[in-house]
Amino acid sequence: MLTKTKIYLSSPHMGGTEQNFVKEAFATNWIAPLGPNVDGFENDLKTYLGGDKYVAALSSGTAAIHLALQLLDVSHGDEVLCQSFTFSASANPIMYQGATPVFIDSERETWNMSPELLETAIKDRIEKYKKPKAIIAVHLYGMPYKVNEINAIAKKYDIPVIEDSAEALGSKYFSLECGGLSDMGILSFNGNKIITTSGGGALIVKTKELKDKAVFLSTQARDNAPHYEHSFVGFNYRMSNVLAGIGRGQMEVIDDRVEARRKNFDFYKKHLSQFKEVTFLEEPENFFSNRWITCIETESFELREKLRLELLKDDIETRPLWKPMHMQPVFKDYLHFTNGTSEKLFEKGLCLPSGSNLSQDDLQRILNNITNILKL
Ligand SMILES: *Cc1c(COP(=O)(O)O)cnc(C)c1O
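Residues numbered from 1 in each chain as written. Predicted model: local features only at pLDDT ≥ 70, side-chain atom pairs only at ≥ 80, totals over all residues. Heavy atoms only, no water.

### Quick look at the domain arrangement of the protein
Then step 1. Segmentation of the protein into domains returns domain 1 (18-251) and domain 2 (254-374).
Then step 2. The C-alpha centroid of domain 2 is placed 25 Å from the C-alpha centroid of domain 1.
Then step 3. Taken together, the contact pairs 48 residues of domain 1 with 37 residues of domain 2.
Then step 4. If you look at where domain 1 meets domain 2, you find 1 salt bridge.
Then step 5. With a shortest N-O distance of 2.8 Å, E297 and R108 are connected by a salt bridge.
Then step 6. Linking domain 1 with domain 2 are 23 residue pairs in polar contact (both at pLDDT 80 or more), by the criterion used here.
Then step 7. Contributing elements (two or more residues each) for the side of domain 1 that touches domain 2: α4 (92-96), β3 (100-104), α5 (115-127), β6 (172-173) and α8 (241-251). (Domains from an automatic or database assignment. Contact = heavy atoms within 4.5 Å. Salt bridge = Lys/Arg side-chain N within 4 Å of Asp/Glu carboxyl O. Polar contact = N/O pair within 3.5 Å; in protein donor to acceptor, adjacent residues only side chain to side chain. Helix = DSSP H or I, 4+ residues; strand = E, 2+ residues; numbered from the N terminus.)

### Re the sheet that holds strand β7 (residues 176-177)
Then step 1. The strand order across the open sheet formed by 3 strands is β7-β6-β11, and the pairing between neighbours is antiparallel. At either margin of the open sheet sits one strand with a lone partner, and together these are β7 and β11 (287-288).
Then step 2. Here β6 runs beside β11; their pairing, made up of 2 bridges, is antiparallel. Looking at β11, one finds that Y173 is bridged to F287. (Pairing = 2+ DSSP bridges.)

### Focus: the pairing of strand β9 (residues 201-205)
Then step 1. Counting buried residues in β9 gives 5 out of 5 residues, a clear majority hidden from the surface.
Then step 2. Side chains of β9 alternate between two faces, with G201, L203 and V205 and A202 and I204 buried alike.
Then step 3. Pairing of strand β1 (residues 54-58) with β9, which is carried by 5 bridges, proceeds in the antiparallel orientation. If you follow A56 over to β9, its bridge partner there is L203.
Then step 4. Here 4 bridges tie strand β8 (residues 184-188) to β9, and the two strands are oriented antiparallel to one another. Paired with G185 across the two strands is I204, which belongs to β9. (Buried < 20%, exposed > 50% of the residue type's maximum accessible area, 1.4 Å probe, protein only.)

### Structural notes on the sheet that holds strand β2 (residues 79-83)
Then step 1. Read across the sheet, 8 strands follow the order β1-β9-β8-β5-β4-β2-β3-β14 without closing on themselves; strand pairing throughout is mixed. Either end of the sheet is taken by a strand with one partner, and the two such strands are β1 and β14 (336-337).
Then step 2. Two elements, β3 and β14, share 2 bridges in a ladder whose sense is parallel. For F103, the partnering residue across the bridge sits in β14 and is H336.

### Digging into the side chain of S106
Then step 1. Along the chain, the position of S106 falls in the loop between β3 and α5.
Then step 2. Other than its neighbours up to four places away in sequence, S106 contacts Q83, F85, W111, N112, M113, S114, N339 and T341.

### Quick notes on the site of the ligand
Then step 1. Of all residues adjacent to the ligand, which total 15 residues, the nearest are G61, T62, E167, S188 and K193.
Then step 2. Between the ligand and the protein, one listed contact pairs an oxygen atom with a side-chain N or O atom of E167 at 2.5 Å.
Then step 3. Contact distances for the ligand include 3.4 Å between an oxygen atom and a backbone N or O atom of G200.
Then step 4. Looking at the shell around the ligand residue by residue, the class counts come to 4 nonpolar, 8 polar and 3 charged. (Near = heavy atom within 4 Å. Nonpolar A, V, L, I, M, F, W, Y, C, P; charged D, E, K, R; others polar.)

### Some thoughts on the side chain of R238
Then step 1. Structurally, the position occupied by R238 is in the loop between α7 (208-218) and α8.
Then step 2. What makes R238 buried here is its relative accessible area of 12%.
Then step 3. Within polar-contact distance, the side chain of R238 engages the side chain of E42 at 2.7 Å.
Then step 4. Polar side-chain contacts of R238 include one of 2.9 Å to the backbone oxygen of A57.
Then step 5. Excluding anything up to four places from it in sequence, R238 contacts P33, V38, E42, A56, A57, L58, S59, V215, S218 and T219.

### Examining the packing of aromatic side chains
Then step 1. If you walk through the whole model with that rule in mind, you get 14 aromatic pairs.
Then step 2. When the ring of F267 is compared with that of Y268, the centres are 6.1 Å apart and the planes differ by 75°; the resulting orientation is edge-to-face. Across this residue pair, the class does not change: F267 and Y268 are buried.
Then step 3. The rings of F85, F87, W111, Y141, W292 and W322 are connected pair by pair, giving a single aromatic cluster.
Then step 4. Positioned above the aromatic ring of Y228 is the side chain of R222, whose terminal nitrogen or guanidinium carbon lies 3.8 Å from the ring centre.
Then step 5. It is R304 that lies over the ring of F346; its NZ or CZ is 5.7 Å from the centre. (Phe/Tyr/Trp six-rings, centres within 6.5 Å; stacked < 30°, edge-to-face > 60°. Lys NZ or Arg CZ within 6 Å of the ring centre and 35° of its normal.)

Written out as structure tokens, the structure reads:
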């Protein structure tokens, strides 16, 4: 009998031409955090995002958020409003800056930052003479947040928005690409994301000046001098030319990757919507999710755990939804504005295997396991 292979939640999926770009980097000895692949990858991303933004390729999505906070002058003692329902990397850079996070819960329709709670929080902070310095909103699992509503509130109070699009390359909001919908955007190319450079990220800004400043800071903030001269504290955050080569290859297949992930979602939904114990997150009108991860909300914590543990027995990896930041040991003492949404999602939600490289057999095997449990 064939031994079954492990099915991962979201594994890297190379397109085929990545190695050519990497080989070229070797052949031309551009083994550095600069070179033609970095420029090429940035151009590919810029084109993909509609052509009117500026993109800086960096070592990670986390680095991109950190630089965004730097560019917005967030520093010691400042408050930053951050979506609570997210991965910790959205919030950690606030701490790097010595600033203070304030966590905002989600609404039910997209599972992302609640515009209502956002405004409540802003009003509260302004009343206490602590006007927030920035807002970090997240397109979680690829589903766009309510961009118009969030941007309108941000504009009303004149607070810049950092759009954490780490999970949402290929998602669209009213036909516009996620990543370029707010003041600044960030992308991640970590191994589990929709495309990967094994590790990497990008910062998306609206002007060439901001991009130049980001690149300057990401390459140790060297002043223009023949010797090493520094007037600012810099970072080593630039993407390497070797990894950018992988990114160029991946950009050739991004549309296929989005299509494959959306097909996974359709498959799960088609076969599981007969069971009332599980529900799916639907796209509101004019929201287009890349369906980076297909998530289900089960009727109880017990059912979620049963599914997770039974699937694990068959070597199938699933994971509970993100544990909200306001519940994390490291952040629980920070101010938060909550409504119960993310806590409930964490309790009952499960991420299903969603890689773009899942075979039909893999999907069938996962489905059989799930239906066997739900039929009991
Ligand atoms: C992956 C991720 C990040 C961080 O990206 P890295 O490239 O891993 O540093 C930030 N925010 C969210 C929501 C993510 O999923």
